[in-house]
Amino acid sequence: MLKKYITDLKHEFSGYNAGKLLKDILSGITVAAVALPLALAFGVSSGADAAAGLVTAIIGGLVIGLLGGASFQISGPTGAMSAILIGIVAQYGLQGVFVASLAAGVIILLAGIFRLGKLVNFIPTSVVMGFTSGIAIIIALGQVDNFFGTHSVGTSALEKLWSYTSVGFTPNWQAVAIGLMVVLFMVFWPKKLNAKVPGSLLAIILATIVTEIAGFDSLAKVGDIPKSLMLDNRLNLGAVNLDMLQNLVSPVVSIAMLGMIESLLCGASASRMKDEAFDADRELIAQGVGNILLPFFGGVPATAAIARTSVAIKSGEQTRVTGVVHSLVLLGGVMSRLPLSALAGVLMVTAWRMNEWHGIKTIFSRKVWTGVAQFLITMVSTVVFDLTVAIVIGIVTALLMFVWNAARLTIETEPVDKVRLERLHRMGKPVDESRAKSILVSYVNGSLFFANCAELKRKLLSVDFTGCEHLILSLRGVSATDISGVQTLMEVCALIAQKGVTVSICGVHENVAGFFQKVGLTDQLGAAAFYPNASEAVIDTLAQEQAGA
């Protein structure tokens, strides 16, 4: 893994020059501007304080970014993680959070060492797109207050939106003007120029200048930024005891699972945005190391953050230097005067752009209904529930749809046709056409497993066997089976044999043949009843019939 990391770094920095460095610096400044208010807010919402959020963003962005599985991941505190942490703080205090972060970091590190990152490959593309779009909606809804200069109450984006019905909605038009100016600037900033200087950074600078010159004193600003990187309230190993560790088992697992899922999904989504390979195992190792270190500085658990990562990519990020610059800028504390409405405008445009519109258009326009269902269910679940629940729902939906599609079984039964007879004649193996009428061939397509056993039995036993003496089952279209499917096939073969019809099987895939042998179908029919193809089965069946005659 270390060799691959070094190789990837060489590839990443191949041809690195002043132009790419400038892009990394500019995108790093842009990401820092967006990450700062989020870090402060998530630090407070987790039950800690703004300083803990800032330390998490700086250490997480630096350590995890340097060790991560790709060039683009920006890590720090997130809203999904804050929702878990606030309950831990209420019950065990900040020391409980620090201990849980350390333990969760060890679990994530071990998951990377044992190469469990491959699990992200089992998440369907439509589910990843749904997750990305759901997060985009949450990001946009989460910025409504800042964009309009309003105040809502509640923990989730939907709760805050609904709270306007009770607390009222009176926009601050100065905030709206600044936010709208940023949105329009980013939308109309030429793509060619954006490749050199990110429009989002220029928009934030312009908005700040306009705010100061116009004297928009009513606008909410980022405000005072904590100065210390080593907080007074940090992990105290002397306060850790066995009872605390036992009580924290459930929160530790929750933090570890959420950290892994959010980081891997962020990587999978961002990998598609930037069209760059993503090493999931190395990302888990980086996340583990980062979360082990954070408690010693007073930080809260970190994960890869899709909002900040998207801003980095859309701002022209070239290498992981962007994450380093982002951390250094946050450490510098130079952004206290930035208006929050301007940052809200950046995040809203980023939320729109992070949607995989090409892929979404494809599944809808091509009417790929399974993909559409997976996308919509995951997107809605991400908005309505938390991330972990949404991913579980999305994967379960995908599995159910896969089983539903895999359960489709087609069986076409017909006599030996003239085309096959002519082929046998050309092969120099002429057969008696009148005798061939006593043979039926059933072409089975689909997987034979528990979900379609009843369909298999119904279709084969409904065949009209009048005048039929031999049935050849062509299983070339069967690529997989399970014990239920084989046992059902054994039962059907026995019932057909009771009708005085001999059964042969041809075209069996190697893995399916092994299962037939293991379960007992081969012993039931005899090895001689199996043929490589239907033609040989027809020839041998007629030869046996003629010999018997």
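From a predicted model like this one, the values you see are computed outputs, not experimental measurements. (Residues numbered from 1 in each chain as written. Predicted model: local features only at pLDDT ≥ 70, side-chain atom pairs only at ≥ 80, totals over all residues. Heavy atoms only, no water.)

Caption draft 1: Just the overall build of the protein chain, in detail. Counting its regular elements, the protein chain contains 26 helices and seven strands. Considering only C-alpha atoms, the protein chain reaches an extent of 105 × 60 × 55 Å along its principal axes. For the protein chain, the share of sequence-separated contacts (at least 6 apart) that also reach a separation of at least 24 residues comes to 84%. When the accessible surface of the protein chain is split by element, carbon and sulfur atoms take 64% of a total near 25000 Å². (Helix = DSSP H or I, 4+ residues; strand = E, 2+ residues; numbered from the N terminus. Contact = heavy atoms within 4.5 Å. Areas by Shrake-Rupley, 256 points an atom, 1.4 Å probe, with all protein chains shown as cover.)

Caption draft 2: Broad picture of the pairing of strand β4 (residues 439-445). Across the seven residues that make up β4, a large majority, five, are buried. Bridging between strand β3 (residues 410-415) and β4 involves six bridges; their strand directions are antiparallel. Considered in β4, the bridge of Thr-413 is made with Ser-442. One ladder, built from six bridges, connects β4 with strand β5 (residues 470-477); its direction is parallel. If you follow Ile-439 over to β5, its bridge partner there is His-470. Tracing the backbone out of β4, into helix α22 (residues 453-461) and back to the parallel element β5 gives a crossover that is right-handed. (Buried < 20%, exposed > 50% of the residue type's maximum accessible area, 1.4 Å probe, protein only. Pairing = 2+ DSSP bridges. Right-handed = clockwise from strand over helix to strand, strands pointing away.)

Caption draft 3: Region of the structure containing the environment of Gln-174. You can see Gln-174 is positioned in helix α8 (residues 173-188). Given the relative accessible area of 27%, Gln-174 is considered partly exposed. Sequence separation of Gln-174 and Gly-149 is 25 residues, and the distance between their C-alpha atoms is 8.2 Å. Those residues in contact with Gln-174 that sit more than four places away from it in its chain are Phe-216, Asp-217, Ser-218 and Leu-219.

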